[in-house]
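# Coordinate inspection notes
So the chains spell out like this:
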Amino acid sequence: MTETMKQKILLTYIESGFGHISSLDSIHAALEEQYSDVYDIQKSYIMRDDGLPHLQRMEKFIIKQVQNTNRLPWFGDFAFTVIRFFGSDHLMRFFHRQMNGKSWKEGLAALEKRKPDVIVTNHYFTNMLAVDYKQKIDPEVKIINYNPDCTLHTFWDKRDGIFVVNNKYAFDRALKFKFKKENLREVAPCVRECVEQCNLTRQELREKHGLPQDKFTVAIADGGYMMGRGPKFAKALIKSGLPITMLVIAGDNEERYEEFTAIAEGRGKLKLGEGATLKVYRFMKEAYELYGAADLLLTKGGPNAVLDSIYMDTPVMINYSPHVIEKGTVRTYIRELGCGEKQGNRKKAVKRISQMMTDRTDLDAYAENIKKLKEKGNGASAVAAIIDGLAKEQREARRDRGIIYDCDNADDDKPQAEGVESVGAEHSEMTSSQ
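The text that follows walks through the structure, step by step, so that each part is easy to find. Values in this document were obtained by computation on a predicted structure and should not be read as measured data. (Residues numbered from 1 in each chain as written. Predicted model: local features only at pLDDT ≥ 70, side-chain atom pairs only at ≥ 80, totals over all residues. Heavy atoms only, no water.)

### Observations concerning the sheet that holds strand E10 (residues 277-281)
Filter applied, for reference: Strand pairing requires that DSSP identify at least two bridges connecting the strands. Every helix listed is a DSSP run of H or I at least four residues long, and every strand listed is a run of E at least two residues long, numbered separately from the N terminus. Every angle, taken between N-to-C directions, lies between 0 and 180 degrees, and every axis is a line fitted to C-alpha atoms, over only the stretch in contact when it is a helix. Residues count as neighbours in contact if any of their non-hydrogen atoms are within 4.5 Å of one another.
The parallel open sheet is built from 6 strands, whose spatial order is E10-E9-E8-E11-E12-E13. Each of the sheet's edge strands pairs with one partner strand only, and the pair in question is E10 and strand E13 (340-342). Across this sheet, the average inter-strand angle for adjacent strands is 20 degrees, counted without regard to direction. As defined by bridge partners, strand E11 (residues 296-299) adjoins strand E12 (residues 316-318) across 3 bridges and the pair is classed as parallel. Directly across from Thr 299, in E12, lies its bridge partner Ile 318. Packing of helix H13 (residues 303-311) onto the sheet brings it into contact with E11 and E12, and relative to E11 it is tilted by some 175 degrees.

Dropping the structure here:
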């Protein structure tokens, strides 16, 4: 019996901060641009779209832990250390399967309802869920995970599927944690298409957002929940009296939004110095435009905001790295690539910004390093090509059973995108992924 259809590629979204959402958006856009005629490409917030109560509660629990790592300086390192000591991915599977079995069953049911041919994940929970789905429900499904972080922690499921990282350090750590080398791929970092294609100059972005053209401008971001050190650093800048423009992005934290709005409007206890400008924003998908309008982004070590800022040609100052993931951001983008600096002390940060206002030598050096990094391109196209390769393998295996897909009668030999390290390749140099 012959049937005609398109393979279904399912991108599984989860909120765990907003970096996981942004990186998966970049891959979704690349898939749509290159392969929308070949595949049925679907995206799902898998933990909430079906209204399954236990699954929804699990996502809220995960969000709460992300908030705790930002709010409590000790929490992140403590949690990662304890989990690794007691078994890492084995412990996490036990926790989710046994102690939270209802949410796990609902997650498997949500995947089964969608009947994907390829599952794309970028968070440890959806990654483990996909592997269990393959082992328990559909052994033919293909799995690919993109790790959006600059390092690798031990929660990830290494039992099955292709695992993609965005730098050599993460690749080496994956080998250390016993990932199969033949399942690993390295690409350039995945950046959203809207960020990559934004070609407005700093002056044009300032004009678009109603910002002063001639003032040194600092964007202040602190993750989606603004529960780190951002508010204290912002207040230190306000107290300094520097004649600068400050763009405070409060994210989903309404209390912080109201607090800084009161200061901007002259109703708060803190008063702006002469010549200072304060603009306050809630969560916005176009935050990258504010980064691009700034001379400097002051932020915690979340890889998403840092990456967006770098691809908008704006150096970063990282003020807080609460756990191994964000320490990896500092290691990669600050120490190795030289795209900015780390300043965890408020007084020192204010002093450095004051120096940068009159001497741009360091900022110019960071900008040159950013230019070199951007030459590696956007890894999203490379990830899309890896997904296409997995789907092709699946089609070949199914042809013997008489399953014929629409694309089998079309051009099925699109060239592999550059920027993917071949299986088992030495990581001496990354080629362009554009």
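Past the structure itself, the notes keep going.
### Points about the packing of helix H10 (residues 230-240) against helix H15 (residues 346-358)
Put simply, the rule reads: These descriptions rest on fixed angle ranges, namely under 35 degrees for roughly parallel, over 145 for roughly antiparallel, 65 to 115 for roughly perpendicular, and the rest for oblique. For any pair of crossing helices, the crossing counts as left-handed if the nearer helix is rotated counterclockwise from the farther one by less than a right angle, and right-handed if it is rotated clockwise. Note that Gly is not counted as nonpolar here; it falls among the polar residues with everything else outside the nonpolar set of Ala, Val, Leu, Ile, Met, Phe, Trp, Tyr, Cys and Pro and the charged set of Asp, Glu, Lys and Arg.
Between H10 and H15, whose axes approach to 10 Å, the crossing angle comes to 55 degrees. Looking at the two axes, H10 sits oblique to H15. For the crossing formed where H10 meets H15, the hand is right-handed. Within the contact between the two elements, H10 uses Lys 232, Phe 233, Ala 236, Leu 237 and Ser 240 and H15 uses Arg 346, Ala 349, Val 350 and Ile 353. Counted by class, the contact of H10 with H15 contains 6 nonpolar, 1 polar and 2 charged residues.

### Describing the pattern of salt bridges
Applicable threshold: Any Lys or Arg side-chain nitrogen found within 4 Å of a carboxyl oxygen on Asp or Glu counts as a salt bridge. Burial here depends on accessible area, computed with a 1.4 Å probe over protein chains only, as a share of the maximum for the residue type. Under 20% is buried, over 50% is exposed, and the range in between is partly exposed.
All chains considered together, the criterion is met by 33 salt bridges. In this structure, Lys 142 engages Glu 393 in a salt bridge whose closest nitrogen and oxygen atoms are separated by 3.5 Å. Of the two residues, Lys 142 sits in strand E5 (residues 142-146) while Glu 393 sits in helix H17 (residues 380-399), which places them 251 residues apart along the sequence. Overall, the relative accessible area of 22% leaves Lys 142 in the partly exposed class. Judged by relative accessible area, Glu 393 falls into the partly exposed class, the value being 47%. Lys 300 is paired through a salt bridge with Glu 326; the nearest N and O atoms lie 2.4 Å apart. With Lys 300 in the loop between E11 and H13 and Glu 326 in helix H14 (residues 324-336), the pair connects residues that are 26 residues apart, well separated along the chain. We classify Lys 300 as buried; its relative accessible area is 7%.

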